[in-house]
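Fold and contact review
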Amino acid sequence: KHRVDFVDVDMDALAGQVRDDLAAALLRTGGQIDIGTLPQVRGDATLLRLLLQNLVENGLKFTRPGHQPRVRLRHEATAEHWLIHVEDDGIGIPAEHQAAVF
């Protein structure tokens, strides 16, 4: 069981680590990861890395035939918190499965 430790997490550095971890997938797919400036957030670094890696990896894996995958990471600030966007041009999740995924 993982003990959750809330610390300041540099999301720029974390995203770079995820890109490095997925270097083989990027070469295999011809994909790319575009990382915008990301904020420092308070959270569990291990869980945030796992979440980000899963989202990016899925963006590279589930792509339309004949398309090179592209995943974009960016953020925006609201009055209360940061929103981290992970966007891809993949096949998407059918509406009937979205409730189970999210």
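Here we summarise the structure given alongside this text. Since the model is a prediction, treat every value here as computed from it, not as a measurement.

Here is what the cut-offs are and how they apply
- Residues numbered from 1 in each chain as written.
- Predicted model: local features only at pLDDT ≥ 70, side-chain atom pairs only at ≥ 80, totals over all residues.
- Heavy atoms only, no water.
- Core = buried A, V, L, I, M, F, W, Y, C linked by side-chain atoms within 4.5 Å.
- Buried < 20%, exposed > 50% of the residue type's maximum accessible area, 1.4 Å probe, protein only.
- Helix = DSSP H or I, 4+ residues; strand = E, 2+ residues; numbered from the N terminus.
- Contact = heavy atoms within 4.5 Å.
- Polar contact = N/O pair within 3.5 Å; in protein donor to acceptor, adjacent residues only side chain to side chain.
- Expected span 1.5 Å × (residues − 1).
- Arc of directions from axis to C-beta.
- Pairing = 2+ DSSP bridges.
- Axes fitted to C-alpha atoms, helices over the stretch in contact; angles between N-to-C directions.

**Overview of the nonpolar core**
- Counting 16 residues, the largest nonpolar core has Met11, Leu52, Val56, Leu60 and Leu73 as its most contacted members.
- Secondary structure elements with two or more residues in this core: helix H1 (11-21), helix H2 (23-29), helix H3 (45-61) and strand E4 (70-77).
- With sequence-adjacent residues up to four places away left out, Met11 is seen in contact with Leu38, Pro39, Val41, Leu48 and Leu52.

**A word on H1**
- Within the sequence span of H1, burial applies to Met11, Leu14, Ala15, Gly16 and Val18.
- Capping the start of H1, Asp10 holds a side-chain oxygen 3.0 Å from the backbone nitrogen of Asp12, two or three residues further along.

**Quick word on H3**
- Compared with the 24 Å implied by 1.5 Å per residue over 17 residues, the 24 Å span of H3 between its first and last C-alpha is a close match.
- Listing the buried residues of H3 in full gives Leu52, Val56, Gly59 and Leu60. Down the axis of H3, the sector holding all buried residues measures 100°, keeping them to one side.
- Contacts made by the buried residues of H3 are with H1, H2, strand E2 (32-35), E4 and strand E5 (82-88).

**Quick word on the sheet that holds E5**
- Spatial strand order, E2-E4-E5: three strands in an open sheet with mixed pairing. The outermost strands of the open sheet, each flanked by one partner alone, are E2 and E5. Averaged over all neighbouring strand pairs, the angle between strand axes comes to 15°, with direction disregarded.
- The pairing of E2 with E4 spans four bridges and is parallel. Residue pairing in the sheet places Asp34 in a bridge with Arg72 of E4.
- Its contacts with the sheet put H1 on E2 and E4, and the angle it makes with E2 is roughly 175°.
- Contacts between H3 and the sheet are confined to E2, E4 and E5, with E4 contributing the most and set at about 140° to the helix.

Read these as geometric descriptors, not functional statements.
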